[in-house]
Amino acid sequence: MVMFSVTRKRSAPIDGQKPGTSGLRKKVKVFMQPHYVQNFVQSTFNALTTDKVRGATLVVSGDGRYYSKDAIQIIIKMAAANGVRRIWVGQNGLLSTPAVSAVIRERVGVDGSKASGAFILTASHNPGGPHEDFGIKYNMENGGPAPEGITDKIYENTKTINVYLIAEDLPDVDIAAIGVTSFGGPEGQFDVEIFDSASDYVKLMKSIFDFESIRKLLSSPNFSFCYDALHGVGGAYAKPIFVEELGAQESSLLNCTPKEDFGGGHPDPNLTYAKELVARMGLGKSGSQGEPPEFGAAADGDADRNMVLGKRFFVTPSDSVAIIAANAVESIPYFSSGLKGVARSMPTSAALDVVAKHLKLKFFEVPTGWKFFGNLMDAGLCSICGEESFGTGSDHIREKDGIWAVLAWLSIIAYKNKENLSGGKLVTVEDIVRNHWATYGRHYYTRYDYENVDAGAAKESMAYLVKLQSSLPEVNKIVKGIHSNVSNVASADEFEYKDPVDDSISKHQGIRYLFEDGSRLVFRLSGTGSEGATIRLYIEQYEKDSSKTGRDSQEALAPLVDVALKLSKMQEFTGRSAPTVIT
Ligand code: G6P
Ligand code: ZN
């Protein structure tokens, strides 16, 4: 057995190591500075209770982006030096964010060991490569991201760190080869186990969904399928699940080879960045060559986000979670005994609210960020949740889950088409969505993003909106002056959330204007931007009349958009005549 020793390396604080909502995200060259990764990793170890480090089992892996391989070797050496008992690494350092969550919760080592946490190496949907982004995020024993109490401690530690522990003489571990390598240190044995990235996750998916019925759907001459991993880690799951387990053609997988730089692309599954898929589905400007598939989906770099498309049809993330919730009990075995409750983030449309009311389900509206769902799930209050930002998931893990969302959709399509897979007319994605609108009404929805706005101006614009909402008569006078046929604002507030589980309070989570007819305008500052500030404006209008649910979304929303822009004096504050991105 190779022996190692522990070196105490002198270090000094490095500015700016404050983890954001999803860990520490910076340019690769920032992470490559001497001691940068080491300081952050040691600060994380020091923020955890001793039992979660000494003698513990930790997972280290990520979306495979540039610099991951170096970071993995550093973390292995530091874990050894800090008394960790074993490290689990997905083959080639690959594990999707949802798979990490699954591994923490489900995987049992040969000797009965269980993981107590994970370093996830990802910057999610941000581009990768030597000039792009890298990230480190720590997840806890429940499989979810570290709560603020821990990330605050990590940050405090980064401001005072003066030493870190590392096993410098521990040789690099070959992370391409499956197997266990054991080392001997001052405190005993240390193991590094490289395991198959997909098998635990595939097993979990098979325990949730009826793979046989999805297999029948995928082999039906009536159905066609397409999945785009945008060269992210989703590709490592697409082949084992969609091709090997479910019998899809290999040609239905697009960009499913994980690459360190995501092929130079922007691994964010939306209509702008998932260009190839969008074209294949007949939605791009150029249209598709040939008949588009019936179903298409894309994932982001770490495969926790998803975009679902039908033939020439876009499903909004807000509708997606509502439709999954409405159909889960009959279509997905995991939910067959009913849903514990459902939840959405505040800016996500109220489509889910209507389903919850109809099905008499517990319902929660939480601030933006997946961690709020995790608390509800740990307390057994929520089964399915989602966000407008292309995140959907359930209580099978504590992260959003892109492939789970695709399997949920395939399950629903399979269920709706039980009778007509061999020849009858297929109930399509578009049919499912339109039928949903006809039953529950439709929430027309759009999001305007003003990126990289001057931070001071963005703050002022929010302050203006907070002040304005305190006088409803004033607001309604302005609204009526802009469009007399838009309904009255019934209430407005700055969203504040009291967590029903731990009673913690989150303030300043966005400004809401709620209209009498159920329409909403929401304004908030993005919490994930890296330059300047990003203002997000979410515009939503509820239409109950089933004869009016089929309109073009931007057209239906035009009067409300006009009201939103004028009411908020958007152009005056931002100096922009148009948003950077419209979704
Ligand atoms: C991350 C989180 C999501 C959240 C999103 C919001 O992706 O994981 O839970 O919805 O950020 O981003 P924003 O830029 O709007 O703050
Ligand atoms: Zn992601």
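Residues numbered from 1 in each chain as written. Chains lettered and ligands numbered in written order. Predicted model: local features only at pLDDT ≥ 70, side-chain atom pairs only at ≥ 80, totals over all residues.

Visitor: Help me out: how do you make sense of the overall build of the protein in this one?
Guide: Along the protein, the regular secondary structure elements total 18 helices and 27 strands. In summary, the protein has a C-alpha radius of gyration of 24 Å against a globular reference of 25 Å for 583 residues, a match within 12%. Of all 583 residues assigned to the protein, the portion counted as buried reaches 53%. Long-range pairs, those at least 24 residues apart, make up 73% of the contacts in the protein between residues at least 6 apart in sequence. (Helix = DSSP H or I, 4+ residues; strand = E, 2+ residues; numbered from the N terminus. Rg over C-alpha atoms; globule rule 2.2 N^0.38 Å. Buried ≥ 20, exposed ≤ 12 C-beta atoms within 10 Å, placed from the backbone. Contact = placed C-beta atoms within 7 Å.)

Visitor: Hey, could you run me through the domain arrangement of the protein in this one?
Guide: A common way to report how large an interface is uses the accessible area buried once the components associate. Domain boundaries assigned for the protein yield domain 1 (2-197), domain 2 (201-440) and domain 3 (442-582). Its C-alpha centre places domain 1 at a distance of 39 Å from the equivalent point of domain 3. (Domains from an automatic or database assignment.)

Visitor: When you look at the UniProt feature "domain: Alpha-D-phosphohexomutase alpha/beta/alpha" (unreviewed entry) in the protein in this model, what are you seeing that I'm missing?
Guide: UniProt marks residues 17-161, 200-309 and 318-418 with the feature "domain: Alpha-D-phosphohexomutase alpha/beta/alpha" (unreviewed entry), using the numbering shown here. Its end C-alpha atoms 12 Å apart, residues 17-161 is made of 35% helix and 19% strand. Measuring from the first to the last C-alpha atom of residues 318-418 gives 26 Å, for a span that is 45% helix and 16% strand. (UniProt positions renumbered as here; feature names shortened; annotations may be inferred.)

Visitor: Got a minute to help me understand the site of ligand 1 in this structure?
Guide: Every one of the 13 residues lining ligand 1 counts as a neighbour, but Trp-370, Ser-389, Ser-526, Gly-527 and Thr-528 are closest to it. Broken down by class, the residue content of the shell around ligand 1 amounts to 1 nonpolar, 10 polar and 2 charged. A domain-level breakdown of the shell around ligand 1 finds at least three residues from each of domain 2 (201-440) and domain 3 (442-582). (Near = placed C-beta within 6 Å. Nonpolar A, V, L, I, M, F, W, Y, C, P; charged D, E, K, R; others polar.)

Visitor: Explanation requested: the sheet that holds strand E17 (residues 363-366) in the structure shown.
Guide: Paired through their backbone hydrogen bonds, the strands of a sheet run either parallel or antiparallel. A sheet is described by the order of its strands in space; here 4 strands give the open sequence E17-E16-E18-E19, paired in mixed fashion. Two strands close off the open sheet at either side, each with one partner strand: E17 and strand E19 (391-394). With direction set aside, neighbouring strand axes in the sheet form an average angle of 15 degrees. Examined bridge by bridge, strand E18 (residues 384-387) and E19 share 4 bridges and lie antiparallel to one another. Each bridged residue has a counterpart across the sheet, and for Gly-386 the counterpart in E19 is Thr-392. Lying over the sheet, helix H10 (residues 317-331) contacts strand E16 (342-345), E18 and E19, oriented at roughly 170 degrees with respect to E18. (Pairing = 2+ DSSP bridges. Axes fitted to C-alpha atoms, helices over the stretch in contact; angles between N-to-C directions.)

Visitor: What should I look at first to understand the environment of Ile-539 in this one?
Guide: Summarising the element assignment, Ile-539 is placed in strand E26 (residues 533-543). Note: C-alpha distance between Ile-539 and Ser-96 (443 residues apart in sequence) is 32 Å. If sequence neighbours within four positions are ignored, Ile-539 has contacts with Thr-446, Leu-521, Leu-557, Leu-560, Val-561 and Ala-564.

Visitor: It is not clear to me how the packing of helix H7 (residues 211-219) against helix H13 (residues 402-416) should be interpreted in this structure. Could you clarify?
Guide: A pair of packed helices is characterised by two quantities: the angle between their axes and the separation of those axes. Here H7 crosses H13 at 75 degrees, and the two axes come no closer than 9 Å. Judged by the inter-axis angle, H7 sits roughly perpendicular to H13. Residues Ser-213, Ile-214, Lys-216 and Leu-217 of H7 form the contact with H13, whose own contacting residues are Leu-407, Leu-410, Ser-411, Ile-413 and Ala-414. Counted by class, the contact of H7 with H13 contains 6 nonpolar, 2 polar and 1 charged residues. (Parallel < 35°, antiparallel > 145°, perpendicular 65-115°, else oblique.)

Visitor: Teacher, can you tell me more about the packing of H10 against helix H14 (residues 429-440) here?
Guide: The contact between H10 and H14 brings their axes to 11 Å, and the two run at 85 degrees. Taken as axis vectors, H10 and H14 run roughly perpendicular relative to one another. Contact residues: Asp-319, Ile-323 and Ala-326 in H10; Ile-432, Val-433 and His-436 in H14.

Visitor: Just to check I follow, could you spell out the pairing of strand E25 (residues 520-525) for this structure?
Guide: Most of E25 sits out of view: 5 of its 6 residues are buried. In this antiparallel pair of consecutive strands, strand E24 (residues 511-515) and E25, the connection spans 4 residues, and Gly-518 shows a positive phi of 95 degrees. Two strands pair when backbone bridges link them, and E25 and E26 are joined in this way by 6 bridges, in the antiparallel orientation. Residue pairing across strands places Leu-525 opposite Ile-535, the latter belonging to E26.

Visitor: Quick question: what am I supposed to make of unusual backbone geometry here?
Guide: In most cases, non-glycine residues show a negative phi, while peptide bonds are predominantly trans. The backbone of Arg-312 sits at a positive phi, close to 50 degrees, despite the residue not being glycine. Mapped onto the elements, Arg-312 comes out in the loop between strand E14 (306-310) and strand E15 (313-314). Looking at Arg-312, the number of C-beta atoms within 10 Å reads 14, which means it is partly exposed. A positive phi is found at Lys-569, a non-glycine position, where the angle reads about 50 degrees.

Visitor: Is there a simple way to think about the pairing of E24 in this case?
Guide: Strand residues, when the strand is regular, have side chains that alternate between the two faces of the sheet. With 4 of 5 residues buried, E24 is to be regarded as a mostly interior element. In terms of strand pairing, strand E21 (residues 489-494) meets E24 through 5 bridges, oriented antiparallel. In the sheet register, Val-489 faces E24, and the bridge partner there is Phe-515.

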